[in-house]
Each structure stands twice: as C-alpha cells, then as structure tokens.
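Residue-level listing of the chains:
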Amino acid sequence: RKEVEQDPGPFNVPEGATVAFNCTYSNSASQSFFWYRQDCRKEPKLLMSVYSSGNEDGRFTAQLNRASQYISLLIRDSKLSDSATYLCVVDSSNTGKLIFGQGTTLQVKP
Amino acid sequence: GAVVSQHPSWVICKSGTSVKIECRSLDFQATTMFWYRQFPKQSLMLMATSNEGSKATYEQGVEKDKFLINHASLTLSTLTVTSAHPEDSSFYICRVRGGARGNTIYFGEGSWLTVV
C-alpha cells in the first residue's frame, strides 16, 4: 500500500465550479500535512499547510481527519489558472522527509 | 527570485555517459538536501537525503553507486547519474532545508534528464 494515496483524476470542471480532492495516508504517526501545486514540467510549490482544525486561504480550504487518516482540499469558484496537479504531501516522520502522493490533475475549462 | 538554484534545467546525454546535477542554496545555509525523481504522471519519489559533510542516506531500491550524491558545503549538493541509461530519463529535483531555525524549505527548479 502506498504511504500517500490520491485519485489521479483528471478532474475536468467548468470555471466557477467547486471541486474537492481527497487523500489518505498510511502512517498514523504523521504530524505534518501539506498540499502542493505542480504545473507541467515545473517544481512543486507549496499551496497550503493542513492543520487539525482545518484552514482556509481564499478560495482554498484544507481539512484533516486524523481518525480516518484523510486529508482534503476544496477549491471554490475554480479559475482557469487553477489547472494543475495537486499533490498531497505528508511528513511521516517529522524529519522533513516529505512523502508525496501521485497527484490529482485538475483541468478547469472555460 | 529563486533561493534554490538547480542546474542544468535540461540535459540530453548519450547512454553510458555520466551527468552531474547541481543544487545550490542562494540565501541560506542548507543543512539538509533531499533528492527526488519523478517519472511522467507519477509521484515524486525520494531518492536520498544528504546532510552537509556526511554521506547520503539512500532510500530502498536506489543504487548509491549509480546515483552519487555529494554535499560538501552548506550551499551546494550534487547528484551524479553515472553510466546513464534511457530508463534513467526523468525529472530530478532537489529540496533544501536549512536557515537559522532549520525550517526553511525550498525546491530547486528541477532538471529534466533525457538519455538517448
């Protein structure tokens, strides 16, 4: 079983739609969780950290469910520029050694 | 501007040759560098972790004699793919951790390697 699992998609949505991505992780001792965004042929960029209480940054909302070992990312009012691959990332040992999910591809259409 | 510089961005080499990829931290001391590899449509896979002045720690399944990592200074780490083969063609990317509190984390821009 992979340490971090995501549905690879692709998710094809119209502009303005709300879309949600899910991710599960296997190591119950994991402490730090992140969502990264990766554009085609580019390095990943931190989108947001994920906190136990859930957190929001503009149109983006991240949730963490430790009991289910489940992380989610909600994007509201999708823009064309949101088209990218979204990577669920876990620091399973709190050493900075990040484990990446396969990524979920989002295509926002006009 | 970039705080981690990775070079080269793109490289094409012949099968059997070696390629060196550099990762430099520009504005801070990099105590730890992580090297990842990403095949198309796949996740970033950690290859090895290197601390300045120490030997790299390789992940299971990664050949240390094939992927030579040197982290001789606090600002530079290199990954050398020795005797490259077409199956080594991939996106290689470094991630740097450092700074005064050790919690500064940045990715390099990545290097696309194509072995022909």
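Thoughts on the pattern of salt bridges
Side-chain pairing between opposite charges can occur once the charged atoms of the two side chains come close.
Inference 1: The full count for this structure, using the stated rule, is 6 salt bridges over all chains.
Inference 2: Aspartate 82 of chain A is the partner of arginine 59 of chain A in a salt bridge, and the nearest nitrogen-oxygen pair spans 2.8 Å. Of the two residues, arginine 59 of chain A sits in the loop between strand S6 (55-57) and strand S7 (60-65) while aspartate 82 of chain A sits in the loop between strand S8 (70-75) and strand S9 (84-91), which places them 23 residues apart along the sequence.
Inference 3: For the salt bridge of lysine 66 of chain B with aspartate 88 of chain B, the shortest nitrogen-to-oxygen distance reads 2.9 Å. Of the two residues, lysine 66 of chain B sits in the loop between strand S6 (57-58) and strand S7 (67-73) while aspartate 88 of chain B sits in the loop between strand S8 (76-81) and strand S9 (90-98), which places them 22 residues apart along the sequence.
Inference 4: Classification of aspartate 88 of chain B by relative accessible area gives buried; the value is 5%.

Focus: the interface of chain A and chain B
Inference 1: Each partner contributes to the interface: chain A provides 14 residues, whereas chain B provides 18 residues.
Inference 2: Between chain A and chain B the total buried area reaches about 1,300 Å² when both faces are included, carbon and sulfur atoms providing 57% of it.
Inference 3: Considering only the side of chain A, the residues that lose the most area to chain B are Arg41, Glu43 and Phe100 of chain A, jointly responsible for 38% of the buried surface there.
Inference 4: Applying the counting rule to chain A against chain B returns 0 salt bridges.
Inference 5: Scanning the region where chain A abuts chain B turns up 5 residue pairs in polar contact (both at pLDDT 80 or more).
Inference 6: Elements represented by at least two residues in the side of chain A that touches chain B include exactly strand S4 (32-38) and strand S10 (98-100) of chain A.
Inference 7: Per-class residue counts for the side of chain A that touches chain B are 5 nonpolar, 5 polar and 4 charged.

What to know about the nonpolar core
Inference 1: Ranked by size, the top nonpolar core spans 25 residues in total, and within it Tyr92, Val96 and Leu113 of chain B carry the most contacts.
Inference 2: Apart from the residues within four sequence positions on either side, tyrosine 92 of chain B is in contact with Gln6, Ile21, Tyr36, Arg37, Met47, Phe67, Leu79, Val81, Gly110, Ser111 and Leu113 of chain B.
Inference 3: By size, the runner-up hydrophobic cluster in this structure holds 24 residues, among which are Val4, Ala62, Tyr86 and Val108 of chain A.

Details of the pairing of S9 of chain B
Residues and elements named next belong to chain B.
Inference 1: The element S9 is extensively covered by neighbouring structure, given that 8 of its 9 residues are classed as buried.
Inference 2: Sheet topology note: the S9/strand S11 (residues 111-115) ladder contains 3 bridges and is antiparallel. Bridge pairing links phenylalanine 91 to tryptophan 112 in S11.

Focus on the confidence of the model for chain B
Inference 1: Mean pLDDT over chain B stands at 90; residues scoring 70 or higher make up 93%.
Inference 2: Within chain B, no element has a lower average pLDDT than strand S10 (residues 104-107) of chain B, which sits at 80, and none a higher one than S11 of chain B, at 96.

A closer look at the packing of aromatic side chains
Inference 1: As enumerated under the stated definition, the model contains 12 aromatic pairs over all chains in all.
Inference 2: With centroids separated by 4.8 Å and ring planes inclined at 45°, the aromatic side chains of tyrosine 25 of chain A and phenylalanine 33 of chain A adopt a geometry described as tilted.
Inference 3: Among the residues examined, tyrosine 25 of chain A registers a relative accessible area of 1% and is labelled buried.
Inference 4: For phenylalanine 33 of chain A, a relative accessible area of 1% translates into the label buried.
Inference 5: Judged by centre distance (5.9 Å) and plane angle (65°), the ring pair of phenylalanine 100 of chain A and phenylalanine 107 of chain B falls under edge-to-face. Of the two residues, phenylalanine 100 of chain A is situated in strand S10 and phenylalanine 107 of chain B in strand S10; the pairing between them involves two chains.
Inference 6: Pairwise contacts between aromatic rings join Phe34, Tyr36 and Phe100 of chain A together with Tyr36 and Phe107 of chain B into one cluster.
Inference 7: Over the aromatic face of tryptophan 112 of chain B sits the side chain of arginine 41 of chain A, whose NZ or CZ is 4.6 Å from the ring centroid.
Inference 8: The side chain of lysine 66 of chain B reaches across the aromatic face of phenylalanine 67 of chain B, ending 5.9 Å from its centre.

The rules behind each value
Residues numbered from 1 in each chain as written. Chains lettered and ligands numbered in written order. Predicted model: local features only at pLDDT ≥ 70, side-chain atom pairs only at ≥ 80, totals over all residues. Heavy atoms only, no water. Salt bridge = Lys/Arg side-chain N within 4 Å of Asp/Glu carboxyl O. Helix = DSSP H or I, 4+ residues; strand = E, 2+ residues; numbered from the N terminus. Buried < 20%, exposed > 50% of the residue type's maximum accessible area, 1.4 Å probe, protein only. Contact = heavy atoms within 4.5 Å. Buried area = accessible area lost by both parts, 1.4 Å probe. Polar contact = N/O pair within 3.5 Å; in protein donor to acceptor, adjacent residues only side chain to side chain. Nonpolar A, V, L, I, M, F, W, Y, C, P; charged D, E, K, R; others polar. Core = buried A, V, L, I, M, F, W, Y, C linked by side-chain atoms within 4.5 Å. Pairing = 2+ DSSP bridges. pLDDT = per-residue confidence, 0-100. Phe/Tyr/Trp six-rings, centres within 6.5 Å; stacked < 30°, edge-to-face > 60°. Lys NZ or Arg CZ within 6 Å of the ring centre and 35° of its normal.

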